[in-house]
Amino acid sequence: MSKTRRVLIGIGGGIAAYKMAEVISTLFQSGVEVRAILTEGARKFITPLTIATLSRHQAYTDSLFWEATHHRPLHIELGEWAEVFAIAPLTANTLGKLAHGLADNLLTNTVLASRCPVLLAPAMNTEMWAAQSVQRNWQLLLTDPRYHHIGPGSGLLACDRVGTGRMAEPSEIIPSIYSLLHTGGKEDLAGKRVLISTGGTREHLDPVRFIGNPATGKMGLALAIAARDRGAKVTLVHAPITSAIPTRIQAIATVSAAEMREAILTHFAQADLIVMAAAVADVKPAAYCPEKLPKKSLPNALPLVAVPDILAELGQLKQPHQKLIGFAAQTGDIVKPALQKLKDKKLNAIAANPIDLPNVGFGSDRNQAILLDDRGGEKIIEPCSKLQLAHYLFDFILD
Ligand code: CTP
C-alpha cells in the first residue's frame, strides 16, 4: 500500500484463531502495520508468541491490560491508533458483549474506545449461530453502521457438523480489511446494483479446442469485492475463472461471448452501474463441431466470424441513470485507442490499462491504468493491487 496503514486485529477464543496467523502475516508482508489483541480464550488456541512474531510487535493480552505497564491506558492507545479493527474469530460471547456495549476485557474496551470501522468475522457451531439470542444480538449489532462483516460461511465445522458458522477464510478477510482501509467504512454504493463482467471468453471449435485469451478474471473479482464492500448488490457475469467467487456476490458462469451477452442483457436493465472488465473474444470459429475433431480432420485455415460487441450494444441501450464503464487493455499508446472506445461505445468512463509492462495486467495481482471519462477527466493510477485499482475506479466514477 502507498502509505503505512494501521490495522488492529482482535482475536477471540475459537479454533479458527489459527487462521489469523495467515491474515497477520499477509498484512505485514504487504506493508501494513499490525497490532493484535488476544482474549483469554484466544490464548488457548494460539499463542501471543506466534502473533508477536508474525506482526513483528508485542501481542496484547488481558494481563498486560490489567497490569497497567503502559503510560496511557492501553485500550485508549490502541483505539486511537487503529484505522481498521478486525475481530476474528468473533465468538458468541464477544458478539453479545459488543451488541450491548459491554466491556470487560482489553478487546471489548478497545472497541468502545475507538472510532474506526470494525470488521467482524463470526465463527461458531451451527446451533450456536442459529440460537435466537445470538441472531438477535447479531441483528442489533449490524444496525450500527460502524460494524461491517464477512461470513460466517458454511462448511465442515470443528465440531464435525456441516453447516453455517465457519469463519471466513483469510482470502476473504484480507480484501475486506483493505476495502475498509480505502473507504474508511463509507458505503457510497449502498442501494445500487452493480453488474460486472470478467474473465476471458472461449469460442470453441470443438469440445476441447477454443480461441481464448490469458484473462484470469482477477480484475473483475476485485471490482466485485470493492463494489460489495461499498454497499452495492453485485452481479458478476464471468467467463471460466479459477478463483473462488467471493461471498455475497451473485455469480453467473458463462463460457462464450454469446452466453455472456445473454446473461448481461438479462441483468442490464436493473443495474445502475455496469463495468465490462471481461476480455471478450472478437471472433469465433465459423463452425462448431460437437464431437472432438481428430487431428487429421483439423483444417489448415480456420474460417472466423465476428462476435457481437456487448459493450457497444449496452451503449445503445443505456438509460440516463445508468453508468457504463469499459476496460481497454492496450499495448503501446494506451490513451488514444481507449478514448476512441469511450466515444464509439458511448461509455461514461474507461480504464486504459497497459498489458505490455512487467507485473501488471493479465493474470497478475497488480495493475495500473489511466482512467478517462466522457467529460475529459483523466486520472493516472500508478501500479497497485487490483483491489486498489477497483476502488480508485469507483472513486473516479462516483466523484
Ligand atoms: N468488449 C465487449 N464485447 C466484445 C469486445 C469487447 O463488450 N466483443 C468490451 C470489453 O469488455 C472492454 C471493451 O469492450 O470493456 C474494450 O475491449 P477491447 O478488447 O479493448 O476493445 P475492442 O472493442 O475489442 O477493440 P480492439 O480489439 O480492436 O482493441
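Every value quoted in this text rests on a predicted model; they were computed, and no experiment measured them.

Draft legend 1. View of the overall build of the protein chain. For the protein chain, the count of helices and strands is 15 helices and 19 strands. Whereas a compact globule of 399 residues would reach a radius of gyration of roughly 21 Å, the protein chain reaches 24 Å, a difference of no more than 12%. With the C-alpha coordinates aligned to their principal axes, the bounding extent of the protein chain is approximately 80 × 50 × 40 Å. Residues classed as buried in the protein chain amount to 51% of the 399 residues present. Taken as a whole, the protein chain presents about 18,300 Å² of accessible surface, with 54% of it coming from carbon and sulfur. Looking at the protein chain, you have 41 positive and 36 negative side-chain charges, and the mean spots of the two groups are 1 Å apart.

Draft legend 2. Seen up close, a nonpolar patch on the surface. On the surface, Ile15, Tyr18 and Phe45 cluster together into a nonpolar patch covering about 330 Å² of accessible area. Among the structural elements, Phe45 can be located in the loop between α2 (40–43) and α3 (48–55).

Draft legend 3. Quick peek at the site of the ligand. With respect to spatial proximity, 15 residues lie near the ligand, and among them Met276, Ala278, Leu311, Lys341 and Lys345 are the closest. Contacts to the ligand include Met276, whose backbone N or O atom sits 2.8 Å from an oxygen atom. Between Phe327 and the ligand, the recorded distance is 3.0 Å, taken from a backbone N or O atom to an oxygen atom. For the ligand, whose accessible area on its own is 570 Å², the fraction buried by protein is 76%. Of all elements in the fold, only α13 (310–317) and β16 (323–330) reach the threshold of two or more residues within the shell around the ligand. Counting residues per element, the shell around the ligand draws most heavily on β16, at four residues. Broken down by class, the residue content of the shell around the ligand amounts to 10 nonpolar, one polar and four charged.

Draft legend 4. Representation of the sheet that holds strand β3 (residues 84–90) within the structure. Reading across the sheet, the five strands line up as β2-β1-β3-β4-β5 and stay open at both edges, with parallel pairing between neighbours. In this open sheet, the two strands that pair with only one neighbour each are β2 (33–38) and β5 (147–149). Across the sheet, the mean angle from the axis of one strand to that of its neighbour is 25°, orientation sign disregarded. In this sheet, β3 lies alongside strand β1 (residues 6–11) in parallel orientation, the contact comprising four bridges.

Draft legend 5. Broad picture of the domain arrangement of the protein chain. Structurally, the protein chain comprises domain 1 (6–183) and domain 2 (193–398). On a C-alpha basis, the centres of domain 1 and domain 2 stand 36 Å from each other. Across the boundary between the two partners, domain 1 contributes nine residues, which contact 13 residues of domain 2. In total, about 830 Å² of surface goes out of reach between domain 1 and domain 2, with carbon and sulfur atoms giving 52% of it. Broken down residue by residue, the surface that domain 1 buries against domain 2 is led by Glu172, Ser179 and His182, which jointly contribute 53%. The interface formed by domain 1 and domain 2 contains one salt bridge. Here Arg228 and Glu172 are joined by a salt bridge, their closest N and O atoms 3.8 Å apart. Summed over the shared surface of domain 1 and domain 2, the result is five residue pairs in polar contact (both at pLDDT 80 or more).

Draft legend 6. Summary view of the pattern of salt bridges. Evaluation of the coordinates by the stated rule reveals 18 salt bridges. The salt bridge partner of Lys19 is Glu169, with a shortest N-O separation of 3.0 Å. In this pair, Lys19 sits in helix α1 (residues 19–29) while Glu169 sits in the loop between β7 (162–166) and α10 (170–183), placing the two residues 150 residues apart along the sequence. The exposure class assigned to Glu169 is partly exposed, which follows from its relative accessible area of 29%. In this structure, Asp395 engages Arg230 in a salt bridge whose closest nitrogen and oxygen atoms are separated by 2.6 Å. Separated by 165 residues along the polypeptide, Asp395 in helix α15 (residues 386–398) and Arg230 in the loop between α11 (218–229) and β11 (233–238) bring together distant segments of the chain. Residue class for Asp395 comes out partly exposed when judged on its relative accessible area of 30%. In this structure Arg230 comes out as buried when scored by relative accessible area, which is 2%. Each of Lys19, Arg166 and Glu169 takes part in a single network of salt bridges with overlapping partners.

Draft legend 7. View of the environment of Ala158. Here Ala158 lies in the loop between β6 (153–156) and β7. Residue classification places Ala158 among the exposed residues on the basis of a relative accessible area of 62%. Remark: the alpha-carbon pair of Ala158 and Gly41, spanning 117 residues in sequence, is separated by 16 Å.

Draft legend 8. Structural context of the packing of helix α6 (residues 92–99) against helix α9 (residues 132–142). Axis separation between α6 and α9 bottoms out at 9 Å; the angle between their running directions is 50°. Our classification of the angle between α6 and α9 gives oblique. Crossing of α6 against α9: the hand is left-handed. Judged by residue contacts, Ala92, Leu95, Gly96, Leu98 and Ala99 of α6 engage Val134, Asn137, Trp138, Leu140 and Leu141 from α9. Here the contact of α6 with α9 is built from residues that sort into eight nonpolar, two polar and no charged.

Cut-offs and rules
Residues numbered from 1 in each chain as written. Predicted model: local features only at pLDDT ≥ 70, side-chain atom pairs only at ≥ 80, totals over all residues. Heavy atoms only, no water. Helix = DSSP H or I, 4+ residues; strand = E, 2+ residues; numbered from the N terminus. Rg over C-alpha atoms; globule rule 2.2 N^0.38 Å. Buried < 20%, exposed > 50% of the residue type's maximum accessible area, 1.4 Å probe, protein only. Areas by Shrake-Rupley, 256 points an atom, 1.4 Å probe, with all protein chains shown as cover. Lys, Arg positive; Asp, Glu negative; His and termini not counted. Charge placed at Lys NZ, Arg CZ, Asp CG, Glu CD. Patch = residues over 30% accessible without salt bridge, like charges linked within 9 Å, V, L, I, M, F, W, Y side chains within 5 Å. Salt bridge = Lys/Arg side-chain N within 4 Å of Asp/Glu carboxyl O. Near = heavy atom within 4 Å. Polar contact = N/O pair within 3.5 Å; in protein donor to acceptor, adjacent residues only side chain to side chain. Nonpolar A, V, L, I, M, F, W, Y, C, P; charged D, E, K, R; others polar. Pairing = 2+ DSSP bridges. Axes fitted to C-alpha atoms, helices over the stretch in contact; angles between N-to-C directions. Domains from an automatic or database assignment. Contact = heavy atoms within 4.5 Å. Buried area = accessible area lost by both parts, 1.4 Å probe. Parallel < 35°, antiparallel > 145°, perpendicular 65-115°, else oblique. Left-handed = near helix turned anticlockwise from the far one by under 90°.

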